[in-house]
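So the chains spell out like this:
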Amino acid sequence: MEAAALELKNAVIEAKESRRLFHLVLAGGSTPKAFYQYLAQSGFKQSIPWSQIHFYFGDERSVPPDHPESNYKMAYDSLLGSLAIAEKKIHRMRGENDPAQEASRYAEEIRASLDTPTGKLPRFDWIFLGLGTDGHTASIFPGVTLIEEASGICATCRHPETGQQRITLTMDVLNRARRVSFIATGKGKASVVADILNPSPNSQNYPAAEVQPNEGTLEWFLDAEAASEQIKNDLS
Ligand code: 6PG
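Residues numbered from 1 in each chain as written. Predicted model: local features only at pLDDT ≥ 70, side-chain atom pairs only at ≥ 80, totals over all residues. Heavy atoms only, no water.

Chemist: Whenever I open this one, the site of the ligand confuses me. Can you help?
Modeler: As a matter of local geometry, the ligand sits amid 15 residues, with G28, S30, T31, R61 and K189 nearest to it. Here T31 contributes a side-chain N or O atom positioned 2.7 Å from an oxygen atom of the ligand. In the environment of the ligand, an oxygen atom lies 2.6 Å from a nitrogen or oxygen atom belonging to the side chain of K189. When the ligand is considered free in solution it has 420 Å² of accessible area, and contact with the protein chains removes 86% of it. For the shell around the ligand, the secondary structure elements donating two or more residues are helix 2 (30–41) and strand 3 (59–61). Ranked by residue count, the leading element in the shell around the ligand is helix 2, at 3 residues. Of the residues in the shell around the ligand, the class split is 3 nonpolar, 8 polar and 4 charged. (Near = heavy atom within 4 Å. Polar contact = N/O pair within 3.5 Å; in protein donor to acceptor, adjacent residues only side chain to side chain. Areas by Shrake-Rupley, 256 points an atom, 1.4 Å probe, with all protein chains shown as cover. Helix = DSSP H or I, 4+ residues; strand = E, 2+ residues; numbered from the N terminus. Nonpolar A, V, L, I, M, F, W, Y, C, P; charged D, E, K, R; others polar.)

In structure tokens:
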């Protein structure tokens, strides 16, 4: 957590010194939640220039913003709510809207906020991603077809087990970012992490394995447990 927080602090300070806004995409899930709570409860809450950041979401469940399963609610309760961020700098995927309509609306909100030329994909400064044990990331699930809106920035799908409607950024947008960071912790993620870091028949169907930024950096913030199988691989 501390390593990721320090990297984030340095990147946002650099943007501030260069008089640039910093467009940051947040992930849902319990591991990203723990990271947001760490940021809110550590010295980073004071040392990161939060007002430089515009916040976006990599995906959202089709639920209202006050619903327990809302990624926005999770991020707000864990971090954003304690930072006094101007509302216009929190770009919420509106889970209460019709998913297909919201995918189009959100794509336009992103284009406007990042000043993305027509026909181009937006380039975020940093995208945080969680990792599912099935190799999913954001709401891009193995074997689940995404229904993309016209610009190819957002898409909708249904969760393969619950059937819950989801809105997500597309893989192309993930791979357009300047920096993409996976956050994964716990023994339960060790196998999927090792499969992805060492391409294997297992990982071929993992959407997370397709995250390979075209002109950006990809990094993994792992605790010892999530890294344990990869460490064994490296030592063998
Ligand atoms: C979501 C996330 C999802 C999450 C992973 C990891 O909306 O749930 O976008 O991709 O990041 O499932 O979640 P955990 O950290 O809780 O395992």
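Chemist: Looking at this structure, how should I read the pairing of strand 6 (residues 154–158)?
Modeler: Each regular strand carries side chains that alternate between the two faces of the sheet. The buried fraction of strand 6 amounts to 4 of the 5 residues, a majority that puts the element mostly inside the structure. In textbook terms, the turn of a hairpin is the stretch between consecutive antiparallel strands, and for strand 5 (residues 147–148) and strand 6 this stretch comprises 5 residues, one of which, G152, has a positive phi near 75°. Looking at chain direction, strand 6 and strand 7 (residues 165–169) are connected through 5 bridges and run antiparallel. Bridged to A155 within strand 7 is T168. Where strand 6 hands over to strand 7, the hairpin turn is made up of 6 residues, of which G163 adopts a positive phi near 80°. (Buried < 20%, exposed > 50% of the residue type's maximum accessible area, 1.4 Å probe, protein only. Pairing = 2+ DSSP bridges.)

Chemist: I would appreciate a short explanation of the pairing of strand 4 (residues 126–129) in the present structure.
Modeler: Residues W126 and F128 line one face of strand 4 and the alternating positions I127 and L129 line the opposite face, and both faces are buried. Pairing geometry for strand 1 (residues 22–26) and strand 4, over 2 bridges, is parallel. Bridge assignment links V25 to a residue of strand 4, and that residue is I127. Pairing of strand 4 with strand 8 (residues 179–184), which is carried by 3 bridges, proceeds in the parallel orientation. The partner of L129 across the bridge, within strand 8, is F182.

Chemist: Would you mind going over helix 1 (residues 2–17) with me for this structure?
Modeler: Two residues of an α-helix separated by three or four positions point the same way, owing to the 3.6 residues in each turn. With 16 residues, helix 1 extends 22 Å between its outermost C-alpha atoms, agreeing within 8% with the 22 Å of an ideal straight helix rising 1.5 Å per residue. For helix 1, the complete set of buried residues consists of A4, A5, L8, A11, V12 and A15. Considered in projection along helix 1, the buried side chains sweep an arc of 130° and stay on one side of the axis. Summarising the geometry of helix 1, the exposed residues directed more than 90 degrees from the buried face are E2 and E17. In the segment just after helix 1, R19 is the residue with positive phi, at about 55°. (Expected span 1.5 Å × (residues − 1). Arc of directions from axis to C-beta.)

Chemist: Looking at this structure, I do not really get the pattern of salt bridges. What am I missing?
Modeler: Pairing of side chains with opposite charge becomes possible as their charged atoms draw close. Counting across every chain of the model gives 10 salt bridges. Residue D125 pairs with R20 through a salt bridge whose shortest N-O separation is 3.9 Å. On the criterion of sequence distance, the pair formed by D125 in the loop between helix 5 (99–114) and strand 4 and R20 in the loop between helix 1 and strand 1 is long-range, its members being 105 residues apart. Residue D59 pairs with R166 through a salt bridge whose shortest N-O separation is 3.8 Å. Taken together, the residues D59 in strand 3 and R166 in strand 7 connect sequence positions 107 residues apart. (Salt bridge = Lys/Arg side-chain N within 4 Å of Asp/Glu carboxyl O.)

Purely spatial values, then, with no claim about function.
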